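Chain by chain, the residues:
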Amino acid sequence: MEKMLLLGDEAIAQGALDAGISGMYAYPGTPSTEIMEYVQACGSGVHALWSANEKTAMEEALGMSYAGKRAMVAMKHVGLNVAADPFMNAAITGVNGGLVIVAADDPSMHSSQNEQDSRYYGKFAQIPVFEPSSQQEAYDMTRDAFDLSEKYGVPVLIRITTRLAHSRSQVESRTPLPQRSLHLPEEPLQFVLLPALARKRYKRLLALQKEFMESSEHSPYNLSILKTGGKTGVIACGTGWNYLNEWFPDGDYPGPVLKLSQYPLPVKQIQRMFDQSASILVLEDGYPLVEEMLNGIFPVNKHIKGRLDGTLPRDGELTPDLVASALGFPVNEAYHIPSVVVPRPPSLCNGCSHADLYLALDEVMKEFGKGKVFSDIGCYTLGALPPYNAIYSCVDMGASVTMAKGAADAGMTPSVCVIGDSTFTHSGMTGLLDAVIENTPVTVIISDNSATAMTGGQKSHATDRLVEICKGLGVSPDHIVTLVPLRKNHQENVRILRKEILFEGPSVVIFQRECIQTSARRHKKN
Amino acid sequence: MKTDIILCGVGGQGIISISAVLGIAALEENMHIKQSEIHGMSQRGGSVQSHVRISSNPVASDLIPLANAGLILSVEPMEALRYLPWLSPGGWIVSNNQPFLNIPDYPPVESLMQEYKSRKNAVLINADEIASRCGSAKASNMVMLGAASRFIHLKPESLMHGLEKLFAQKGSSVIDLNLKAFDAGRQASVAL
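Residues numbered from 1 in each chain as written. Chains lettered and ligands numbered in written order. Predicted model: local features only at pLDDT ≥ 70, side-chain atom pairs only at ≥ 80, totals over all residues. Heavy atoms only, no water.

Enquirer: Explain the pairing of strand E1 (residues 2–10) of chain B to me, using residue names and the numbers behind them.
Expert: When a strand is regular, its side chains alternate between the sheet's two faces. All names here are of chain B. Counted residue by residue, E1 has eight buried out of nine residues, so it is predominantly covered. Sheet analysis places E1 next to strand E4 (residues 69–74), joined by four bridges and oriented parallel. Bridge assignment links Ile5 to a residue of E4, and that residue is Leu71. (Buried < 20%, exposed > 50% of the residue type's maximum accessible area, 1.4 Å probe, protein only. Helix = DSSP H or I, 4+ residues; strand = E, 2+ residues; numbered from the N terminus. Pairing = 2+ DSSP bridges.)

Enquirer: Got a sec to walk through the sheet that holds strand E7 (residues 156–161) of chain A? Specific residues and values, please.
Expert: Each strand in a sheet pairs with its neighbour through backbone hydrogen bonds, running either in the same direction (parallel) or in the opposite one (antiparallel). Residues and elements named next belong to chain A. A sheet is described by the order of its strands in space; here seven strands give the open sequence E3-E2-E4-E5-E7-E6-E12, paired in mixed fashion. Two strands lie at the open edges of the sheet, namely strand E3 (47–50) and strand E12 (262–263), each paired on one side alone. As judged from the six bridges shared by strand E5 (residues 99–105) and E7, these two strands associate in the parallel manner. When the bridges of E7 are listed, Ala103 appears paired with Arg159.

Enquirer: Explain the nonpolar core residue by residue, including any values.
Expert: Nonpolar side chains tend toward joint burial in soluble globular proteins. Residues and elements named next belong to chain A. Ranked by internal contacts, the top residues of the largest apolar core, which has 82 residues, are Met24, Met72, Val73, Phe87, Ile235 and Val290. If one sorts the elements of this core by residue count, helix H7 (residues 135–152) sits on top with seven residues. Among the domains, domain 1 (3–217) and domain 2 (223–326) are the pair contributing at least three residues each to this core. Residues within four places of Ile235 in sequence aside, it is in contact with Leu258, Leu260, Met273, Ile280, Leu281, Val282, Leu283, Val290 and Leu294. (Core = buried A, V, L, I, M, F, W, Y, C linked by side-chain atoms within 4.5 Å. Domains from an automatic or database assignment. Contact = heavy atoms within 4.5 Å.)

Enquirer: Give a description of the interface of chain A and chain B that names residues and reports values.
Expert: Each side of the interface is counted separately: chain A has 44 residues, and chain B has 49 residues. Both faces combined, the contact of chain A with chain B buries some 4100 Å², and carbon together with sulfur accounts for 56% of it. When the buried surface of chain A facing chain B is broken down by residue, Tyr335, Val340 and Arg344 of chain A rank first, second and third, together holding 21% of it. At the junction of chain A and chain B, the tally comes to four salt bridges. The salt bridge involving Arg53 of chain B is made with Glu246 of chain A; its shortest N-O contact spans 2.9 Å. Where chain A meets chain B, there are 21 residue pairs in polar contact (both at pLDDT 80 or more). Contributions of two or more residues to the side of chain A that touches chain B are made by strand E1 (3–7), strand E8 (167–172), helix H10 (240–247) and helix H13 (320–326) of chain A. (Buried area = accessible area lost by both parts, 1.4 Å probe. Salt bridge = Lys/Arg side-chain N within 4 Å of Asp/Glu carboxyl O. Polar contact = N/O pair within 3.5 Å; in protein donor to acceptor, adjacent residues only side chain to side chain.)

Enquirer: For helix H6 (residues 156–166) of chain B, give the residues involved together with the corresponding values.
Expert: Residues and elements named next belong to chain B. What H6 keeps buried is the set Ser158, Leu159, Gly162 and Leu163. What you see down the axis of H6 is that its buried residues fit within an arc of 145°, all on one side. Buried residues in H6 make contact with helix H1 (15–28), helix H5 (140–148) and helix H7 (172–191). (Arc of directions from axis to C-beta.)

Enquirer: An account of the pattern of salt bridges is requested, with residue identities and associated values reported.
Expert: With the rule as written, the count across this model stands at 33 salt bridges over all chains. For Asp117 of chain A, the salt bridge goes to Arg159 of chain A, with nearest N and O atoms at 3.3 Å. With Asp117 of chain A in the loop between E5 and helix H6 (119–125) and Arg159 of chain A in strand E7, the pair connects residues that are 42 residues apart, well separated along the chain. By the burial criterion, Asp117 of chain A is buried, and Arg159 of chain A matches it. Ionic pairing is found between Arg53 of chain B and Asp4 of chain B, a salt bridge with its closest N-O pair at 3.1 Å. On the criterion of sequence distance, the pair formed by Arg53 of chain B in strand E3 (residues 47–55) and Asp4 of chain B in strand E1 is long-range, its members being 49 residues apart. The class of Arg53 of chain B is buried, set by a relative accessible area of 3%. Connected through salt bridges with shared partners, the residues Asp105, Asp117, Arg119, Glu131, Arg159 and Glu284 of chain A form a single ionic network.

Enquirer: Hey, could you go over the packing of aromatic side chains for me, with residue numbers and the actual values?
Expert: Residues and elements named next belong to chain A. Counting across every chain of the model gives twelve aromatic pairs over all chains. Measuring from centroid to centroid gives 6.0 Å for Trp247 and Phe329, while their planes differ by 35°, and the two rings are tilted. Here Phe329 lies in the loop between H13 and helix H14 (353–365) and Trp247 lies in helix H10, a separation of 82 residues in the sequence. Judged by relative accessible area, which is 26%, Trp247 ranks as partly exposed. Phe329 gets classed as partly exposed once you look at its relative accessible area, which sits at 30%. An aromatic cluster is built from Trp247, Phe248, Tyr253 and Phe329, whose rings are joined through pairwise contacts. Of note, Arg314 hangs over the ring of Tyr287, and the distance from its end group to the ring centre comes to 5.6 Å. (Phe/Tyr/Trp six-rings, centres within 6.5 Å; stacked < 30°, edge-to-face > 60°. Lys NZ or Arg CZ within 6 Å of the ring centre and 35° of its normal.)

Enquirer: Quick one: what's the story with the packing of helix H4 (residues 127–134) of chain B against H5 of chain B, residue by residue and with numbers?
Expert: Relative placement of two packed helices is described by the angle separating their axes and the distance separating the axes. All names here are of chain B. Relative to each other, H4 and H5 sit at 110°, their axes nearing to 8 Å. Comparing their axes, H5 and H4 come out roughly perpendicular. Seen along the crossing, H4 lies across H5 with a hand that is right-handed. Note on element contacts: H5 touches H4 through Ser140, Val143 and Met144, opposite Ala127, Asp128, Ile130 and Ala131. (Axes fitted to C-alpha atoms, helices over the stretch in contact; angles between N-to-C directions. Parallel < 35°, antiparallel > 145°, perpendicular 65-115°, else oblique. Left-handed = near helix turned anticlockwise from the far one by under 90°.)

Enquirer: Quick one: what's the story with the packing of helix H1 (residues 8–18) of chain A against H7 of chain A, residue by residue and with numbers?
Expert: Residues and elements named next belong to chain A. For the pair H1 and H7, interaxial distance at closest approach is 8 Å and the crossing angle is 35°. Viewed along their axes, H1 and H7 form a crossing whose handedness is right-handed. Residue-level contacts link Gly8, Ala11, Ile12, Gln14, Gly15, Ala16 and Asp18 of H1 to Gln135, Ala138, Tyr139, Thr142, Arg143 and Phe146 of H7. In terms of residue class, the contact of H1 with H7 is built from six nonpolar, five polar and two charged. (Nonpolar A, V, L, I, M, F, W, Y, C, P; charged D, E, K, R; others polar.)

Enquirer: Account for H1 of chain B, naming residues and giving values.
Expert: All names here are of chain B. The end-to-end C-alpha distance of H1, which contains 14 residues, comes to 20 Å, matching closely the 20 Å that a straight helix rising 1.5 Å per residue would cover. Among the residues making up H1, those that are buried are Ile15, Ile18, Ser19, Val21, Leu22, Gly23, Ala25 and Ala26. Where H1 ends, the next residue or the one after it, Asn30, has phi of about 60°, a positive value. (Expected span 1.5 Å × (residues − 1).)

Enquirer: Report on the environment of Ser158 of chain B, specifying residues and quantitative values.
Expert: All names here are of chain B. Mapped onto the elements, Ser158 comes out in helix H6. In this structure the C-alpha to C-alpha distance between Ser158 and Leu27, which are 131 residues apart in sequence, comes to 9.4 Å. Beyond its immediate sequence surroundings of up to four residues, Ser158 is in contact with Ala25, Glu28 and Glu29.

Enquirer: Break down unusual backbone geometry for me, citing the residues and quoting the values.
Expert: All names here are of chain A. Cis rather than trans, the peptide bond between Tyr263 and Pro264 has omega equal to 10°. Among the secondary structure elements, Pro264 is positioned in the loop between E12 and helix H11 (267–275). A cis geometry characterises the amide bond from Thr413 onward to Pro414, with omega recorded as -15°. Take Pro414: it is sitting in the loop between helix H15 (399–409) and strand E16 (415–420). Positive phi, close to 60°, is recorded for Asp250, a residue that is not glycine. Following the sequence through the fold, Asp250 ends up in the loop between H10 and strand E11 (257–260). Phi at Asn389 is positive, roughly 45°, even though this residue is not glycine.

Structure below.
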């Protein structure tokens, strides 16, 4: 077959297309975004549109599985928190058409607020997990994950990290499969999780655990190389395998090695390498999941080395250099960074609408003192830094609205928040409803650039709908104001914003001006 | 045969295109390749880097280990120096000498040039000027790829073919402009 040069994300997307998916569901989030974008570009005849958030995406994918077709849902690691409810319960309902979930973790927090490890979610839901080490494996595993999902009737999780998601390499594809035809579940009550029925479904999931383990033991992706010699044995998970091979090419590591890419942990394989090793080194990206399990509660009589004992750092992504020193190789820079070099952090673009909003907001908030503006997740989070110093929170999608309400409940006045248009329709609307119900004095500023800009300008569900949405939620139309963030409107914007911030009830101020990047691209096309 | 390259600059300067041309050319020569990129969090205006590894043997790590890159290819002079810890002993820096000024505390350009003067294996060229002469300052990234091409174990023809493929949809005038820029960069680099 044709050799393609694909990002890890794209390899997964190509694998899903070739596995015959009928639907791809996602909300943009670095480093997972390119999965959906690839399907949109290359998957003719496949439903591939952005969802409002990760929870709606997961449920829509589950619905397509119910209807007998194959579906994939992709998100960044924190997106799986949003989708955790349907995710956990889909393990109990099981699936009809194959359902594969991709969670892209971001150790080192290149573009995230934490570095949670999605393998724990797989263990939590008690479903099989794949962790590819290469772009080729990402392709192959995605294809196999759909087969596994249908064989056992459960969703399968694929966990990747930024490094693989955003690294390109050769991928060879296999013959594509056609899409499945519509067919409803054989068991009509499979998806009804009434307690009495859910208990039965849960027992089924528990009974499958032995089979998942057997599948891991015989997985082509879990590879034991049992060289004897009493050396330190190495368990290399996912991309950890690449870093081991960087220093020992052609598999010439002198001790026992287990390449681990499918979970649950293959206990027999681990036992065999454990017996042949004087100590064990665990190379895993993210949290020390495997290392913790090997250690158990009581000390084992072998030295387990990894992120817990300090052989590797407890946080941050693995690098070839960290693995080199864990293996006992010296790591030396030949040259250092000259002192003349200064940091160049990301910044709002010249002409960005968020900047004009923050200039107006800063002027209004001067009279009320610092610390009274909450914010959210998007390019506008850069408003926390100089020169704006305008906002004081960024926690999770939508939290600006609800935290502003909570602070208002505590008596803080004024209580203001800044949220992007796409973040608002992702998870901000329900919080605003809380404020409307209680007539809470909060001002919700929606910085509407008509795009999900930070991840590359994807279409926003909020575009042209914000006023109607806020009215529908019950905000008084007198206190839904739309302003245009431009320098020439500054004084007028300050005046109106101040008035709404002083209003003692819920108010919404929409600063509407398109993202200059998406606008430039649109004009280039036309 | 192996080339490990740190590709760097400022977001929006066209690093992804350089990386893409290298990828197409490597595939054409049946080489193994891994390219690790940085996406997301409005990198526009921030420092960006890409690790490109091209080898006749399979490539293991997506990241280049410290002190292992034979080449730093930069479209901005301060950014090149940021990645020096990755440069191998005796490795080459090929960089544009035109600073990208978007931060208040950018160092005096003379102090950057002083750093370059103290190094043996550095090729500094004015890619903006050369690109403008070829027809558009936007092609400065391809000038830099041309300038660096003599340190990359890929045939210049493969790179030029990769460039043609990358810009195929943009029409022959864009292709010609970029080919010209590539060639002018290569000439400028050899002439130094």
